[in-house]
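# Fold and contact review
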Amino acid sequence: MAACGALPVKLATVEADGAAVTPDDVAAAERTIAAAAEAVAGTDHRGAGFAVLHAGEEGLWLLLHWWLGGGILAHRVWRAAASGAAFAEADRQLVACVWELGVIEFERRAWMATAMAGGAVTDYLARTFPEGHV
């Protein structure tokens, strides 16, 4: 679990064939997520979010998502050229690749089954993306 200020953020990883997410990559992702705290705090967030750290064929991608009122998902996207490089904000029109969308779909279903069904946000946070293929 990462933190974006007071907002808890579930962190899932995705690895392309031949690529790997390293502990240093996770630490850099957690720092980047933490640095977004002021921007996220200024939104109508519902107290939970998730992130995807993707070691892709052309570098690392970091997607931060948080839930807003009305079941709306907000996001920011960063990219690093290679493992160990600093993350820089990506083009704002980018959302996610087909592999990252698998995690987003899981999180959508988890949010609907818990927080949107009257459950606690902690129930949502307890549901984590399973290891395996996206």
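## Looking at the layout of surface pockets
If you roll a probe as big as a water molecule over the atoms, it shows you where there is empty space left. There is about 860 Å³ of room inside the largest pocket. Lining of the largest pocket is provided by 32 residues; of these, Val 14, Glu 15, His 54, Trp 99 and Val 134 occupy positions nearest its centre. Going through the elements one at a time, β2 (7-15), β3 (45-56), β4 (59-68) and α3 (98-113) are the ones with two or more residues in the lining of the largest pocket. The element that contributes the greatest number of residues to the lining of the largest pocket is β2, accounting for six residues. For the lining of the largest pocket, a count of residues per class yields 18 nonpolar, six polar and eight charged.

## Considerations on the sheet that holds β3
Pairing is mixed across the open sheet formed by six strands, whose spatial order is β1-β2-β3-β4-β5-β6. At either end of the open sheet lies a strand with only one pairing partner, and these are β1 (2-4) and β6 (88-89). Across two bridges, the pairing between strand β5 (residues 72-80) and β6 is antiparallel. In the strand pairing of β6, Arg 79 is matched with Ala 88. Its contacts with the sheet put helix α1 (residues 23-35) on β1, β2, β3, β4 and β5, and the angle it makes with β1 is roughly 20 degrees.

## As for the side chain of Glu 100
Relative to the helices and strands, Glu 100 is located in helix α3. Nearest to the buried, unbridged Glu 100 among oppositely charged side chains is Arg 79, at 9.4 Å. Once residues lying within four places of it in the same chain are set aside, the contact partners of Glu 100 are Val 52, His 54, Trp 61 and Leu 63.

## Observations regarding the packing of aromatic side chains
Tallying each qualifying case throughout the model produces five aromatic pairs. Relative to Trp 111, the ring of Trp 67 has its centre 5.1 Å away and its plane inclined at 5 degrees; by these criteria the two rings are stacked. Of this pair, Trp 67 sits in strand β4 while Trp 111 is found in helix α3, placing the two residues 44 residues apart along the sequence. No difference in accessibility class separates Trp 67 from Trp 111, as the two residues are buried. With a centroid separation of 5.0 Å and 90 degrees between ring planes, the pair formed by Trp 111 and Tyr 124 is classed as edge-to-face. Residue Trp 111 is located in helix α3, and its partner Tyr 124 is located in helix α4 (residues 121-126); the two are separated by 13 residues in the primary sequence. Note on accessibility: Trp 111 and Tyr 124 belong to one class, buried.

Reading the values: the criteria
Residues numbered from 1 in each chain as written. Predicted model: local features only at pLDDT ≥ 70, side-chain atom pairs only at ≥ 80, totals over all residues. Heavy atoms only, no water. 1 Å grid on protein atoms, 1.4 Å probe; cavity = no way out; pocket = protein on both sides within 12 Å on 5 of 7 lines; lining within 4 Å. Points joined across faces, edges and corners; volume = space filled by probe spheres on them. Helix = DSSP H or I, 4+ residues; strand = E, 2+ residues; numbered from the N terminus. Nonpolar A, V, L, I, M, F, W, Y, C, P; charged D, E, K, R; others polar. Pairing = 2+ DSSP bridges. Contact = heavy atoms within 4.5 Å. Axes fitted to C-alpha atoms, helices over the stretch in contact; angles between N-to-C directions. Buried < 20%, exposed > 50% of the residue type's maximum accessible area, 1.4 Å probe, protein only. Lys, Arg positive; Asp, Glu negative; His and termini not counted. Salt bridge = Lys/Arg side-chain N within 4 Å of Asp/Glu carboxyl O. Phe/Tyr/Trp six-rings, centres within 6.5 Å; stacked < 30°, edge-to-face > 60°.

Interpretation in functional terms is not warranted from these geometric data alone.
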